[in-house]
Amino acid sequence: IRIYNELKKNNTHLLLRIVSNDRALETIELPEGVEILKNIPHNELPNIFQQSDIFIFPTLKEYLGLVQAEAAACGLPVISRDIGGTGDIVKDGENGFLMPYESTEEQWVEKIQYLIDHPEERQRMGRRSRQIAEEMFGMERFEKLVREVVERIKDEG
């Protein structure tokens, strides 16, 4: 919310959608332009991603990077803290920005503002996100892995 408030000073058109069931958010007074979306079925997340321009994930705990992968698959540039498996999905400068664990709010504002000010770069990073998601999680890779496992089993048997 603090990052949003800082960005809002120079970007009156911003909308922040927070998708979370965290009860702590119920006690926070939200500024105008901030929405909290609760109890969103998982299959509706792609619709929310596709209505967005940037995916921001400043969490302090993440192990797999699954939500970043989902956002990338929807063609969004991703700005995320460098924790867990995030670095496998977010390639700093390629499809978004990988923020150091100790990054400041000012550093987050700087990266987000950069993507707001450079729509062509935002689109390029979004396309690269989609490519990375396809390379990592697409059917071609899955089929290749299954073939390799089958071949190993044949060779051992």
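We now turn to the structure provided with this report. The structure displayed is predicted, hence computed values, not measured ones.

**Points about the side chain of Arg122**
Phase 1 of the analysis: The residue Arg122 is located in helix α6 (residues 119–137) in this model.
Phase 2 of the analysis: The buried charged residue Arg122 lacks any salt bridge partner; its closest oppositely charged side chain belongs to Asp53, at an N-O distance of 4.6 Å.
Phase 3 of the analysis: Here Leu115 takes part through its backbone oxygen, which lies 2.7 Å from a polar atom of the side chain of Arg122.
Phase 4 of the analysis: Look past the residues within four positions of Arg122 in its chain and what remains in contact with it is Asp53, Ile54, Pro77, Leu115 and Ile116.

**Examining a nonpolar patch on the surface**
Phase 1 of the analysis: A cluster of nonpolar residues, Ile1, Ile28 and Leu30, forms a patch on the protein surface that exposes about 200 Å² of accessible area.
Phase 2 of the analysis: Topologically, Leu30 is positioned in the loop between β1 (16–19) and β2 (34–37).
Phase 3 of the analysis: By relative accessible area, Leu30 is classed as partly exposed at 32%.

**Some details on the nonpolar core**
Phase 1 of the analysis: By size, the foremost hydrophobic cluster in this structure holds 17 residues, and its most contacted members are Ile3, Leu7, Ile79, Phe97, Ile112, Leu115 and Ile116.
Phase 2 of the analysis: Among the secondary structure elements, those contributing two or more residues to this core are α1 (2–8), β5 (96–99) and α5 (105–117).
Phase 3 of the analysis: Look past the residues within four positions of Ile112 in its chain and what remains in contact with it is Ile3, Leu7, Ile54, Ile56 and Ile79.
Phase 4 of the analysis: In terms of nonpolar packing, the next biggest core, distinct from the first, is built from eleven residues, Phe49, Leu76, Val78 and Leu98 among them.

**Quick look at the pattern of salt bridges**
Phase 1 of the analysis: In total, this model carries nine salt bridges according to the counting rule given.
Phase 2 of the analysis: Between Glu6 and Lys9 there is a salt bridge; the shortest N-O distance is 3.0 Å.
Phase 3 of the analysis: Given a relative accessible area of 59%, Lys9 falls into the exposed group.
Phase 4 of the analysis: The partner of Arg128 in a salt bridge is Glu135, with the nearest N and O atoms 3.5 Å apart.
Phase 5 of the analysis: On the accessibility criterion, Glu135 (49% relative accessible area) is partly exposed.
Phase 6 of the analysis: Here the residues in one salt-bridge network are Glu94, Arg128 and Glu135, joined through shared partners.

Rules used throughout
- Residues numbered from 1 in each chain as written.
- Predicted model: local features only at pLDDT ≥ 70, side-chain atom pairs only at ≥ 80, totals over all residues.
- Heavy atoms only, no water.
- Helix = DSSP H or I, 4+ residues; strand = E, 2+ residues; numbered from the N terminus.
- Buried < 20%, exposed > 50% of the residue type's maximum accessible area, 1.4 Å probe, protein only.
- Lys, Arg positive; Asp, Glu negative; His and termini not counted.
- Salt bridge = Lys/Arg side-chain N within 4 Å of Asp/Glu carboxyl O.
- Polar contact = N/O pair within 3.5 Å; in protein donor to acceptor, adjacent residues only side chain to side chain.
- Contact = heavy atoms within 4.5 Å.
- Patch = residues over 30% accessible without salt bridge, like charges linked within 9 Å, V, L, I, M, F, W, Y side chains within 5 Å.
- Areas by Shrake-Rupley, 256 points an atom, 1.4 Å probe, with all protein chains shown as cover.
- Core = buried A, V, L, I, M, F, W, Y, C linked by side-chain atoms within 4.5 Å.

All we've got here are geometric facts, nothing functional implied.
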